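Geometric and topological summary
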Amino acid sequence: MFHSLGRYLLLLRLSFRKPEKFSVYWAEVMREMVSEGLGSLGIIVIISLFIGAVATIQTAFQLVSDFIPKTVVGGITRDSTILEFSPTICALVLAGRIGSSIASQIGTMRVTEQIDALEIMGVNAPGFLISPKIIAGVTMIPVLVIISVILGLSGGYLACAASKEVSTADYLAGLTDGFNPLIVTVCAVKAIVFGFLINSICAYQGFYTSGGALEVGQAATRGVVYSCIMILFADLVISRVLL
Amino acid sequence: MIETKEIVKTFGDNEVLKGINDEFKPGRNNLIIGGSGSGKTTLLKCIVGLHEPTQGEVFFDGQNFTNMPFRERVPIRKEIGMLFQNSALFDSMSVEENIMFPLNLFTDMSKSEKQDRANFCLKRVNLEGKGKLHPSELSGGMKKRVGIARAISMQPKYLFVDEPNSGLDPLTSILIDHLISDLTQEYNTTTVVVTHDMNSVMGIGDHIIFLHGGQKWWEGSNKEIAHTDNRELNEFVFASPFTKAAREKL
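Reading guide: rules and limits
Residues numbered from 1 in each chain as written. Chains lettered and ligands numbered in written order. Predicted model: local features only at pLDDT ≥ 70, side-chain atom pairs only at ≥ 80, totals over all residues. Helix = DSSP H or I, 4+ residues; strand = E, 2+ residues; numbered from the N terminus. Rg over C-alpha atoms; globule rule 2.2 N^0.38 Å. Buried ≥ 20, exposed ≤ 12 C-beta atoms within 10 Å, placed from the backbone. Contact = placed C-beta atoms within 7 Å. Pairing = 2+ DSSP bridges. Axes fitted to C-alpha atoms, helices over the stretch in contact; angles between N-to-C directions. Parallel < 35°, antiparallel > 145°, perpendicular 65-115°, else oblique. Left-handed = near helix turned anticlockwise from the far one by under 90°. Domains from an automatic or database assignment. Nonpolar A, V, L, I, M, F, W, Y, C, P; charged D, E, K, R; others polar. Core = buried A, V, L, I, M, F, W, Y, C linked by C-beta atoms within 7 Å. Expected span 1.5 Å × (residues − 1). pLDDT = per-residue confidence, 0-100.

With that out of the way, let us pick up the overall build of chain B. Along chain B, the regular secondary structure elements total 10 helices and 10 strands. In terms of overall size, chain B behaves like a compact globule, its C-alpha atoms giving a radius of gyration of 18 Å where 250 residues would be expected to give roughly 18 Å. Considering only C-alpha atoms, chain B reaches an extent of 55 × 45 × 30 Å along its principal axes. Looking at chain B as a whole, 42% of its 250 residues are labelled buried.

Moving on, we get to the overall build of chain A. In terms of regular secondary structure, chain A is built from nine helices and zero strands. When the helices and strands of chain A are placed in sequence order, the string is α-α-α-α-α-α-α-α-α. Seen through its C-alpha atoms, chain A measures out along the principal axes to roughly 70 × 35 × 30 Å. Buried residues in chain A amount to 46% of all 243 residues. The contacts in chain A between residues at least 6 apart in sequence include a share of 87% that link residues at least 24 apart.

A separate point is unusual backbone geometry. Residue and element names in this part refer to chain B. We note that D61 has phi near 45 degrees; this positive angle belongs to a residue other than glycine. Along the chain, the position of D61 falls in the loop between β4 (55-60) and β5 (63-64). The backbone of N188 sits at a positive phi, close to 55 degrees, despite the residue not being glycine. Locating N188 in the fold gives a position in the loop between α6 (170-187) and β8 (190-194).

Turning our attention to the sheet that holds β4 of chain B. To summarise the sheet geometry, strands pair through backbone hydrogen bonds and adopt either a parallel or an antiparallel arrangement. All names here are of chain B. Taken in spatial order, the four strands of this open sheet run β2-β1-β4-β5, and their pairing is antiparallel. Single-partner strands in this sheet number two, and they are β2 (14-24) and β5. As paired elements, strand β1 (residues 2-11) and β4 share five bridges and run antiparallel to each other. Residue pairing for β4: I2 is matched across the bridge by F60. The strands that helix α1 (residues 40-48) touches are β1, β2 and β4; relative to β1, the one it contacts most, it runs at about 120 degrees.

Residues and elements named next belong to chain B. Here six strands make up an open sheet; going across it, the order is β6-β7-β8-β3-β9-β10 and the pairing mixed. Edge strands, defined here as strands with exactly one partner in the open sheet, are β6 (80-83) and β10 (215-220). Between one strand axis and the next, the sheet turns by 20 degrees as a mean value, whatever way the strands run. Alignment of strand β9 (residues 207-212) against β10, held across five bridges, turns out to be antiparallel. Bridge assignment links L211 to a residue of β10, and that residue is K216.

All names here are of chain A. Interaxial distance between helix α2 (residues 22-63) and helix α6 (residues 131-162) falls to 6 Å at its minimum, and their mutual angle equals 25 degrees. Classed by the angle they form, the pair α2 and α6 counts as roughly parallel. α2 and α6 meet at a crossing whose hand is right-handed.

Attention now moves to the domain arrangement of chain B. All names here are of chain B. Domain assignment breaks chain B into domain 1 (2-79 + 157-249) and domain 2 (92-155). Using C-alpha coordinates to define each centre, domain 1 is positioned 25 Å away from domain 2. With 10 residues of domain 1 in contact, the opposing surface of domain 2 contributes 10 residues. Looking at which element gives the most residues to the side of domain 1 that touches domain 2, the answer is α6, with five residues.

For the rest of this paragraph, the subject is the interface of chain B and chain A. Each side of the interface is counted separately: chain B has 15 residues, and chain A has 13 residues. Put simply, the parts of the chain that give the side of chain B that touches chain A at least two residues each are α2 (70-77), β6 and α3 (95-106) of chain B. Sorting elements by how many residues they give to the side of chain B that touches chain A places α3 of chain B first, with four residues. Tallied by class, residues from the side of chain B that touches chain A come to 11 nonpolar, two polar and two charged.

Moving on: the nonpolar core. Membership of the largest hydrophobic core comes to 112 residues, with the highest contact counts inside it found for I198 of chain A together with I32, L43 and F160 of chain B. If you count residues domain by domain, this core takes at least three from each of domain 1 (2-79 + 157-249) and domain 2 (92-155) of chain B. Once residues lying within four places of it in the same chain are set aside, the contact partners of I32 of chain B are K40, L43, L44, V192, V194, I209 and L211 of chain B. In this structure, A53, A60, V73 and A159 of chain A belong to the second largest nonpolar core, which totals eight residues.

To continue, consider the pairing of β2 of chain B. Residue and element names in this part refer to chain B. Examined bridge by bridge, β1 and β2 share eight bridges and lie antiparallel to one another. Across the sheet, residue I2 finds its bridge partner in β2, namely F24. Between β1 and β2, which pair antiparallel one after the other, the connecting turn spans two residues, and G12 there sits at a positive phi close to 65 degrees.

This part covers the environment of Y171 of chain A. Residues and elements named next belong to chain A. By secondary structure assignment, the location of Y171 is in helix α7 (residues 168-176). When the C-alpha positions of Y171 and G74 are compared, they lie 4.5 Å apart, and in sequence the two are 97 residues distant. Filtering out sequence-adjacent residues up to four positions away, Y171 remains in contact with V73, G74, G156, Y157, C160 and V166.

Before going further, it helps to spend a moment on helix α5 (residues 140-152) of chain B. Side chains of residues three or four places apart in an α-helix project in the same direction, reflecting 3.6 residues per turn. Residue and element names in this part refer to chain B. Under the 1.5 Å per step criterion, the end-to-end length of α5 is 19 Å for 13 residues, consistent within 8% with the ideal 18 Å. Taking burial as the measure, the 13 residues of α5 include 10 buried ones, the bulk of the element. Restricting attention to buried positions, one finds in α5 the residues K143, K144, R145, V146, G147, I148, A149, R150, A151 and I152. Contacts made by the buried residues of α5 are with β6, α3, α4 (111-124), β7 (158-162) and α6.

For chain B, per-residue confidence averages 90 on the pLDDT scale, and residues scoring 70 or more make up 99% of the total. Complex prediction metrics read pTM 0.88 and ipTM 0.87.

Right, let's talk about the environment of N234 of chain B for a bit. Considering the arrangement of structural elements, one finds N234 of chain B in helix α9 (residues 231-237). Taking C-alpha positions, N234 of chain B is 9.2 Å from K244 of chain B, a pair spaced 10 residues apart along the chain.

Okay, here's the thing in structure tokens:
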């Protein structure tokens, strides 16, 4: 375990060495941002709308009574969406979508000697392959999480409009009631950390692949599993420290 | 010129190379031959720095490459072109983007100059007009030629070729061999080719080293190889009834 941790940290250090040519790396960052950001937008839109709607319906089911103001539903949906559902569930889904793609892409480059070709040319392969992905991850995953929060809360609104248990006016009033800006900070920190973990862990798994197609598949699976575990662990640590 | 001094490489308890000494001079085709598992590719990877030798040193024109840190190796690496066994073309890039990739990173050439250079390299390997294709659209022989075009794009001083004929038909193999040989003469490169293809050995082998059991077992040229009495080399070179019969006629 310590061997792997040490190798992971050394790979990260190599990844952030000074680039050979900034413009080439910048183009890679842009390409990765499009791939990770725009490429994941569809799945984020779908899951966020459903998560928001389900969170609202279930909260309403448990809390609507004559003794509790109906605006509470909006407040709980807001807090749970911003604090947990959007950053964590999005990150877990993105670990599957982006993470497996990164690990298998880099793993395939390793087993087909494309990484060796980069090194022969004098290119810092970890820097060229991994740093643009990490930069794209820590910038685009927060953007996706912001979109997810907006859509999640919109999903809750649609759920209220479709059912009669909580009115949309109560829901909207609940969204603004007792709002603590700290939860947005926690959400942003989670999104950035999760973006870093997904990209770096999966890139590490891909970079040290050896063998053939079977091992590339195994590396992708390991990347997704370890990313998910580390996301949940980081979620716990960030929540404990910041809240 | 490239020199290897007492190169030893072990993987765990397995000693793959057992003290290889040799000199690879420019302007001639230096071939490393040997059976499967004899250490040919490991020696090549030790020379180019993809493997660190367990013992011994590699010198590029007198500079100790083995003990150099990564940053100091970069100027020498820019002078290296390599064709890999599976061509190792970047899948996400087109043919011309593959060729222009090292130019983008290491030169200040304008876009049109890079385009001209890519076109020249493609013309040199008889692949004019194929620049917009992607590696997945190419045949095995075409991939090898694009690999060569990429390898020569930076006008290398050292050219390394790993199994250039693997998976190719005899005619395409001969074309690739002649291309490597012509480029070696044209640019006076120090060319090192790893192969176990006897047509290549006989066709372009100016200087051949035969590895057996991780050791340099024999050294000579393609003219000398036919008359050697080295038993292991004879068993390797004249393994098939066809080559045995051909030898008897010599």
